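Listed here are the chains, written in short residue letters.
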Amino acid sequence: MALLAACSSSSSSSSSSTGATAATTSSAAAASGTLNGSGSTLQLTFEQAAISAFKSTNSSITVNYAGVGSGTGRANLYANTVNFAGSDSPIPSTEASKVPAGKTVLYFPILIGPIAVTYNLPGISNLKLDATVIADIFQGKITSWNNSAIKALNPSANLPSTPITLAVRSDSSGTTQNFALFLQEAAGSDWTLGDGSTVKWPSSAHAASGNGGVATVVKSTTGAIGYNDYATAKASNLSTALIKNKDGNYIAVSTAAASTAASGATIAPDLTFHAVWAPGAQAYPITAQSWVLVYATQPNANDAAMLKAYIGYLLSSQGQALLDPLGYATLPSGLDAKAQAQLSQITS
C-alpha cells in the first residue's frame, strides 16, 4: 500500500478559466479538513504529484490517497471509509448491489493511461508482439522466448531459450481489467480468461500487488513479462514492447499514441468510456483511463466543497499539465470540459 498525504494552501484550487472551476475555487476558500481516497495504482503516480502540487492552492485541506487497487478502492467507497475512490474501470454489474441504497456515483475521468507490456530480456530491444501471441503467453501456452510465434514477429532478433516468467496482479485491478479487455477484443476466441479485474492466471505466474509490485517482479527476473501502467514502467526503466494495433501497425507505448486512441472514444452520459483497441494508424491499442468516483450527495457542505476543490484541481490546466512528464496522457478537451461541468452535481 502507498499512502500519500499533503496539506494544500492558497485561495484558489485552480486557475482554469472555466466557470465550473471558478465556482470550485470560491467554494474551496471556506473549506477545511481531510479527504481520504484509495484505489487505482495506475493513477497513483499522478495522485502523488497532484497532492504535492495541490498544497500550494489550499492550505486548509489535507488529502490522503492509498494505492490499493481499483477493486479495493471501490469497496472502501461502498463501506464509506473513504471520500473518493480511484478506479480504472466502471463499477461492474457484480458490484452494483454494493452501492448504498439511494446513493448515486459520479465518474470523474482524470487521465488517459497507456498500459505497457514490460519485459526483461537483456540485449533485446523493440520487441514486437501482437494480441494473439500476448494471449498465448499469458495463458501459459507459450513458455519460452525463442518460441516460433515470437520469432515470426521478430525475425532479426536473437531471442534466447530463456523460460518466460509471467508477472501479474494479485489484487483486484483496473489495469488487469483493461489489459484483459484488450486481449478479449483483439485476440478474440484465442483469449479464454475473460476481462475481469481479477483473472485466474496460470499457476506458474508470479503474482504481485499493485503496478509497482508487478514492475519489481519484471525488473528482478530475467525472462519476465508483465503489464504495467506506462508511468510505472517509465519510472522503473523497464523495456516495453511494440504492440500491433487495430490498423496493423506496431506502436510503441507513448502518451501521444494513447491520446490518439482516446480521441475517438465514445463517451457515455455518465462519462464512462474505454479506449482499448481503438482504430487509428498511430493509436496505441492498450490504452486505459482512470476515474475518481464520488457520491453525488455528500454528508455536509464542507466535504462537498473539499471534493470540488481537489477534483477541480485534477481537471484544471495545472493538474492536467502534470500528466505528460509522468507518462500519462491528458484528457481530450471536450471530455475535460464535461467533467468540470459535472462538479456542480456534488452537493450536500
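Criteria and cut-off values
- Residues numbered from 1 in each chain as written.
- Predicted model: local features only at pLDDT ≥ 70, side-chain atom pairs only at ≥ 80, totals over all residues.
- Heavy atoms only, no water.
- Buried < 20%, exposed > 50% of the residue type's maximum accessible area, 1.4 Å probe, protein only.
- Helix = DSSP H or I, 4+ residues; strand = E, 2+ residues; numbered from the N terminus.
- Arc of directions from axis to C-beta.
- Contact = heavy atoms within 4.5 Å.
- Core = buried A, V, L, I, M, F, W, Y, C linked by side-chain atoms within 4.5 Å.
- Expected span 1.5 Å × (residues − 1).
- Polar contact = N/O pair within 3.5 Å; in protein donor to acceptor, adjacent residues only side chain to side chain.
- Pairing = 2+ DSSP bridges.
- Axes fitted to C-alpha atoms, helices over the stretch in contact; angles between N-to-C directions.
- Parallel < 35°, antiparallel > 145°, perpendicular 65-115°, else oblique.
- Left-handed = near helix turned anticlockwise from the far one by under 90°.
- Nonpolar A, V, L, I, M, F, W, Y, C, P; charged D, E, K, R; others polar.

Colleague: Please clarify how helix α3 (residues 70-78) should be interpreted in this entry.
Modeller: Note on helix geometry: an α-helix contains 3.6 residues per turn, so any two residues three or four positions apart are oriented the same way. The complete set of buried residues in α3 reads Ser70, Gly71, Gly73, Arg74, Leu77 and Tyr78. In a view along the axis of α3, the buried residues occupy a sector of 165°, so they form one face of it. Among the structural elements, β2 (33-39), β4 (84-87), α6 (174-187) and β13 (287-295) are those in contact with the buried residues of α3. Trailing α3 by a residue or two, Asn80 shows a phi angle of about 60°, which is positive.

Colleague: For this particular structure, what's the right way to read the nonpolar core?
Modeller: One broad rule of soluble globular proteins: the nonpolar side chains tend to lie buried together. Counting 103 residues, the largest nonpolar core has Phe108, Leu129, Phe138, Ile150 and Ile225 as the members making the most contacts within it. Among the elements that take part in this core, strand β5 (residues 105-119) stands out by supplying 11 residues, more than any other. In contact with Leu129, other than residues within four places in its own chain, are Val117, Ile134, Ile150, Leu153, Ile225, Ala241, Leu242, Ile243, Lys244 and Tyr250. By size, the runner-up hydrophobic cluster in this structure holds 7 residues, among which are Ala208, Val214, Val217 and Leu238.

Colleague: I keep staring at helix α10 (residues 301-315) and nothing clicks. Help me out?
Modeller: Along its 15 residues, α10 runs 21 Å from first to last C-alpha, staying within 8% of the 21 Å computed at 1.5 Å per residue. Taking burial as the measure, the 15 residues of α10 include 13 buried ones, the bulk of the element. Where α10 starts, the residue carrying a side-chain oxygen 3.1 Å from the main-chain nitrogen of Asn302 turns out to be Asn300.

Colleague: I keep staring at the pairing of β2 and nothing clicks. Help me out?
Modeller: Walk down a regular strand and you will see the side chains alternate between the two sheet faces. In this sheet, strand β3 (residues 58-67) lies alongside β2 in parallel orientation, the contact comprising 7 bridges. Across the sheet, Leu35 pairs through a bridge with Val63, a residue of β3. In this structure, β2 lies alongside β4, joined through 3 bridges in parallel fashion. When the bridges of β4 are listed, Ser38 appears paired with Ala85.

Colleague: What should I look at first to understand the packing of helix α2 (residues 44-54) against α10 in this one?
Modeller: The description of two packed helices rests on the angle between their axes and on the distance between the axes. Across the interface, α2 lies against α10 with an axial gap of 11 Å and an inter-helix angle of 115°. Considering their axes alone, α2 and α10 lie roughly perpendicular with respect to each other. Crossing angle aside, the handedness with which α2 passes α10 is right-handed. Where α2 approaches α10, its residues Phe46, Glu47, Ala50, Ile51, Ala53 and Phe54 are matched on the opposing element by Ala309, Tyr310, Tyr313 and Leu314. The residue makeup of the contact of α2 with α10, split by class, is 9 nonpolar, no polar and 1 charged.

The quantities given are spatial measurements derived from coordinates; they are silent on function.
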